[in-house]
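Below are the chains, spelled out letter by letter.
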Amino acid sequence: MRFVAVAVGVALLAGGCTAAQVDGGVPVDRLAEARAALPADIAKRGSLTGGTDPTFEPMTFMKGSAFTGLDVDIAEAIGQRLGLTIEWRNVPFGELLDKVAGHDIDFSISSMFDRSQRQEKADFVDYLNAGTSIVVPKGAGDIGGMPGLCGRRVAAQPDTVFVEMARAQKDSCGSRGLTVVLSTSPSMDVRDKKADAALNDFPIAALDVEKMPVLELSGPQIEAIPYGIGVAKDRKALTAAVQTALYSLINDGTYDSLLDKWKVKEGALRTGAINGGA
């Protein structure tokens, strides 16, 4: 794992703390340090602009005109700890990191796996572990993981890792092949018989199956990977501030309460690593 080593973050990384004592017991307020180190434009306006693709219930979705979900709750709690409000923008998933890199938004949070190729565009503060789940019609049972997708039509959302996974599996399927179906609602495509299986994050897939009883999850989760909050690589102080605030949420139990609220406790990740994905 690689960590950002800047003045705001160095001491807290040693123990994952937001408060510490140095020089014979003098208290150090890590959140106060993080607030003081915020970029001047952010501190002046008193808010962070967050980008998300609100199509990943229960992680991020729309309830009427309001953004909601676990990602939204975590980001807003982080903003609170830093004395900032969050101004949300609806951004297509595939555009999020470009918007972050160009400072059009201050951060992205949208059930995005922290992968090495994405780290070329942004730094990620990891906040949840999620594996990939396969959704199939009820009664199909365990099809045998990724190899079981061979010969099937597999729905996946554009610009996600699931498209890459399906295409990589296709290369191993030989004459049986595999058809990738690009879809904004992969599980619904399985329900409507436009696809034979769908790939999605476990929290999203589990909710889809709960909502659509004609579907089921096939087998165990595949390769759990951290979700990350994306911040521009040239804004190290902001990355460290987000990490500090996340540690604060973890330390006082707010983080666990939010995971419990959205029924994803099995994804708890308390390392707060920066660029901890592979």
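All values reported here derive from a predicted model rather than from experimental measurement.

Reading the values: the criteria
- All chains use their own residue numbering, which begins from 1 and follows the written sequence.
- Under the rules for a predicted model, residues below a pLDDT of 70 receive no local features and side-chain atom pairs below 80 are neither given nor counted, while totals for whole chains, interfaces and linings still include all residues.
- As a rule here, side-chain values cover all heavy atoms of the structure and leave hydrogens and water aside.
- UniProt positions are given in the numbering used here, feature names are shortened, and annotations may be inferred rather than shown by experiment.
- Segments assigned H or I by DSSP are reported as helices when at least four residues long, segments assigned E as strands when at least two residues long, and all are numbered from the N terminus.
- Only a pair of cysteine sulfur atoms within 2.5 Å counts as a disulfide in this structure description.
- The buried label goes to any residue with under 20% of its type's maximum accessible area, the exposed label to any with over 50%, and the partly exposed label to all in between, with areas taken from a 1.4 Å probe on protein chains only.
- Any helix carries an expected span of 1.5 Å times its number of residues minus one.
- Note: pLDDT gives the predictor's confidence per residue, expressed from 0 to 100.
- Should any heavy atoms of two residues lie within 4.5 Å, those residues are counted as being in contact.

On to the UniProt feature "domain: Solute-binding protein family 3/N-terminal" (unreviewed entry) in the protein chain, then. UniProt's feature table lists "domain: Solute-binding protein family 3/N-terminal" (unreviewed entry) at residues 47-266, given in the numbering used throughout. Secondary structure content for residues 47-266 is 32% helix and 30% strand, while the C-alpha to C-alpha distance between its ends is 31 Å.

Let us look at the state of the cysteines. Summed over all chains, the structure comprises one disulfide. Put simply, cysteine 150 and cysteine 173 are joined by a disulfide, and their sulfur atoms are 2.0 Å apart. When the S-S torsion is -80 degrees, as for the bridge of cysteine 150 with cysteine 173, the disulfide is left-handed. Taken together, the positions of cysteine 150 in the loop between β9 (122-137) and β10 (153-156) and cysteine 173 in the loop between α6 (161-172) and β11 (179-182) put the pair 23 residues apart, joining distant regions of the chain. By the burial criterion, cysteine 150 is buried, and cysteine 173 matches it.

Given a rise of 1.5 Å per residue, 12 residues ought to cover 16 Å, and the 17 Å separating the end C-alpha atoms of helix α4 (residues 70-81) matches this to within 8%. Across the 12 residues of α4, 10 count as buried, placing the element largely inside the fold. Phi turns positive one or two residues past the end of α4, at glycine 83, with a value near 75 degrees.

Mean pLDDT over the protein chain works out to 90, with 90% of the residues at or above the 70 mark. Low confidence marks residues 1-15, where pLDDT is under 50. Its contacts with residues over four positions away, or in another chain, come to 31 contacts.

A separate point is α6. End to end, α6 covers 17 Å across 12 residues, agreeing with the expected 16 Å (1.5 Å per residue, within 8%). What α6 keeps buried is the set Val161, Phe162, Val163, Met165, Ala166 and Gln169. Positive backbone phi, approximately 60 degrees, marks glycine 174, located one or two places after α6.

Attention shifts here to unusual backbone geometry. The linkage connecting glutamate 57 with the following residue, proline 58, adopts the cis geometry, with an omega of 15 degrees. Of note, proline 58 is situated in the loop between β4 (55-56) and β5 (60-63). Unusually for a residue other than glycine, aspartate 159 sits at a positive phi of about 65 degrees. Mapped onto the fold, aspartate 159 is located in the loop between β10 and α6. Relative accessible area serves as the criterion here: at 55%, aspartate 159 is assigned to the exposed category. Positive phi is not limited to glycine here, since glutamate 223 has a value of about 35 degrees.

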